[in-house]
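Structure at a glance
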Amino acid sequence: MALLSISSSRLYGILVACGLAWTGLVAYIVHDFGFIWYIALTDGIVSSILLAAACWLINNNLRYYQPGKGSYINLLMWCLSLAGICTAGCRWIIPYLSISTVYMHFLSQSLTIRFFTDFLAIGWMAMISMLWYSQQDHKQTEKRKSEAEKLARDAELYNLRQQLQPHFLFNSLNSINALIGFKPDEARKMIHQLSDFLRGTLKKDDQLLVPLNDELQHLNLYLDIEKVRFGHRLDTEISCDKHCGEGLLPSMLLQPIVENAIKFGLYDTTEKVTVSIRGEIEGNNLVIMVQNPYDPQTSRPKGTGFGLRGVQRRLYLLFARNDLMETHQNDNIFTTIIKIPQL
Amino acid sequence: MKRALIIDDEPLARMVVLEYLQAFNDQIEVMQECNDGFEGLKAIHQYQPDLIFLDVQMPKINGFEMLELVENQPSVIFTTAFDEYAIKAFEAHAVDYLLKPFSKDRFNKAVEKYLAQSPSAKPAKQTEELLEAVSQSPAQHERIVVKTGTKVKIIPVSDVIYLQADDDYVSVFTQEGSYLKNKTMNFFEQTLDPRYFVRVHRSYMVAIQQITRIDPYEKDSHLAILKSGAKIPVSKTGYVKLKQVLGI
């Protein structure tokens, strides 16, 4: 495979060198049989040009058309007929350039060996081309795939962030606007919470693993702001012991899950709601469970439910596993459970 | 004295409106503050207000869905944080709209604009145009909100079997029964996802998943037989559309 990963300009250079060597070799062999250099060189040049043309043809063919598993026989036929054409070319063209009865006799006697060497050379070229182009194809697909994945991931993250932030931000500012009039201290407190939360969001690099405690602290800022906005309607229960608080998880992974819980639990219901977040260490995994009530009449979970696909996708990209997130719905409670392997 | 309602699910947001309205307390009287669309509907029925301050994003049914269910449309000033669909619509049709957080000056301007409107201006027509314009927002694609008596019923679009035109109304047929909605067939043709609903006839629209069979009927027309057993007439153009969607 080392040969196949060289650049294409170098490959063409090597092929041209091979062609020159081939000409020299044929000329030398013919000269060895006792013919003068003029005849030997003519033979070498003509047969090499024909062979090069055949090689170019098969290479070009394979560039645009990769034979499937069943059509190798076609390729074989191609090689055989091209070898035939080359041999026939030698037989009819060379006599025009050098008339010598002894040589003519030699030429017709050597046709069989010419045919087989041409066939081998063309077959070798076909094989190299096939490997080369299939590898190029493969490389391109890989590249496209990884680019598409990256794009999709960026878009997903952007979308997930975008869905809530503008609403959340402007509504929070509106609440502050209300508080300034009659509870200036609370307004001030909320401004601090909001700026801490936003700073945290901006600062976070989502490639990083962070302790659960840090993530919960950040989420608490968010939940406290929502508590101010919706008065006493929101209650939160967060349970996580010292041991599990040290468990590591990808940063900002929990955020969309909790935003989701708020979106369906708080924004779409009219009663008092409790959103609970529970962390546990189970064996080698950090397990986090988020629960929120929802209204089955107005919001129907579809598929994995509630657009949590972004989280699942991220878990897959990070750990190459699809079983790290589960969702359940019963008794109007929506539960999201994620497992993060502790490395 | 004009009667007004404030409908918003955030207490602090209502408080801002209430506070700003004090400047107009000799012209506008706030009858009630409402927590959501359901309370809003009840209060509108009870007080027949002249003006409502309405949030768009609210639990269960949003501000637009609530307005669809109101018969005598009052004038509406929207108060919302951010809604790209809505903002476009507001610019064209609402009395005014306030983007949260809004200043006292901006609020005063909106109210003065309302007060300056001649009493003969028809808020109903304005609001209707607005509702047509926001029919592109995603919530309307997912559910249909109807009123049965005094109750509000939310029908997920996936429960709809077919729609039938019925004078000025459209009957929405589901497994549990049919509901009347004061909208036109054209409205539903614009709102519902064309991949799942096809207008097969001037007066009928069908959920294609519900179709089990299409039989030829009279000359140039067909009958669609649904899972529920209902037989829906399919016109010549309807049949062409149906074939297109089904890919046959």
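Attention here is on the structure that accompanies the text. (Residues numbered from 1 in each chain as written. Chains lettered and ligands numbered in written order. Predicted model: local features only at pLDDT ≥ 70, side-chain atom pairs only at ≥ 80, totals over all residues.)

Considering the overall build of chain B
- Scanning chain B for helices and strands turns up nine helices and 15 strands.
- Buried positions account for 37% of the 248 residues belonging to chain B.
- In chain B, of all internal contacts separated by at least 6 residues, the share reaching a separation of at least 24 is 54%. (Helix = DSSP H or I, 4+ residues; strand = E, 2+ residues; numbered from the N terminus. Buried ≥ 20, exposed ≤ 12 C-beta atoms within 10 Å, placed from the backbone. Contact = placed C-beta atoms within 7 Å.)

A word on the nonpolar core
- Ile77, Phe78, Leu163 and Val206 of chain B are the most contacted members of the largest nonpolar core, which has 96 residues in total.
- Of all hydrophobic cores here, the second largest spans 17 residues; its members include Leu50, Cys86, Cys90 and Met125 of chain A. (Core = buried A, V, L, I, M, F, W, Y, C linked by C-beta atoms within 7 Å.)

A closer look at the sheet that holds strand β2 (residues 28-34) of chain B
Residues and elements named next belong to chain B.
- An order of β2-β1-β3-β4-β5 is seen for the five strands of this open sheet, with the pairing classed as parallel. Every other strand in the sheet has two partners, leaving β2 and β5 (96-99) as the edge strands with one partner each. Here the average twist between neighbouring strands, direction ignored, is 20°.
- By the bridge criterion, four bridges tie strand β1 (residues 2-7) to strand β3 (residues 51-55) in an arrangement that is parallel. Residue pairing across strands places Ile6 opposite Phe53, the latter belonging to β3.
- The strands touched by helix α2 (residues 37-47) within the sheet are β1 and β2, with β2 carrying the most contacts at an inclination of about 145°. (Pairing = 2+ DSSP bridges. Axes fitted to C-alpha atoms, helices over the stretch in contact; angles between N-to-C directions.)

Topic: the packing of helix α6 (residues 212-229) of chain A against helix α8 (residues 254-265) of chain A
Residue and element names in this part refer to chain A.
- Across the interface, α6 lies against α8 with an axial gap of 10 Å and an inter-helix angle of 25°. Taken as axis vectors, α6 and α8 run roughly parallel relative to one another. Handedness of the α6/α8 crossing: right-handed. Where α6 approaches α8, its residues Glu215, Leu219 and Glu226 are matched on the opposing element by Leu254, Gln255, Val258 and Ile262.
- Its residues placed into classes, the contact of α6 with α8 shows four nonpolar, one polar and two charged. (Parallel < 35°, antiparallel > 145°, perpendicular 65-115°, else oblique. Left-handed = near helix turned anticlockwise from the far one by under 90°. Nonpolar A, V, L, I, M, F, W, Y, C, P; charged D, E, K, R; others polar.)

Considerations on helix α3 (residues 72-97) of chain A
- With 26 residues, α3 of chain A ought to run about 38 Å at 1.5 Å a step, and its terminal C-alpha atoms sit 38 Å apart, in line with that.
- Among the residues of α3 of chain A, those classed as buried are Cys79, Leu82, Ala83, Cys86, Thr87 and Cys90 of chain A. (Expected span 1.5 Å × (residues − 1).)

Details of the sheet that holds strand β14 (residues 222-226) of chain B
Residues and elements named next belong to chain B.
- Taken together, the three strands give an open sheet; going across it, the order is β13-β14-β15, and neighbouring strands pair in antiparallel fashion. On the outer flanks of this sheet lie β13 (211-216) and β15 (231-234), each paired with one strand and no other. On average, adjacent strands in this sheet sit at an angle of 25° to one another, irrespective of strand direction.
- As paired strands, β13 and β14 are joined by five bridges and run antiparallel to one another. Counted as the bridge partner of Ile211 is Leu226 from β14.

Structural measurements only, silent on function.
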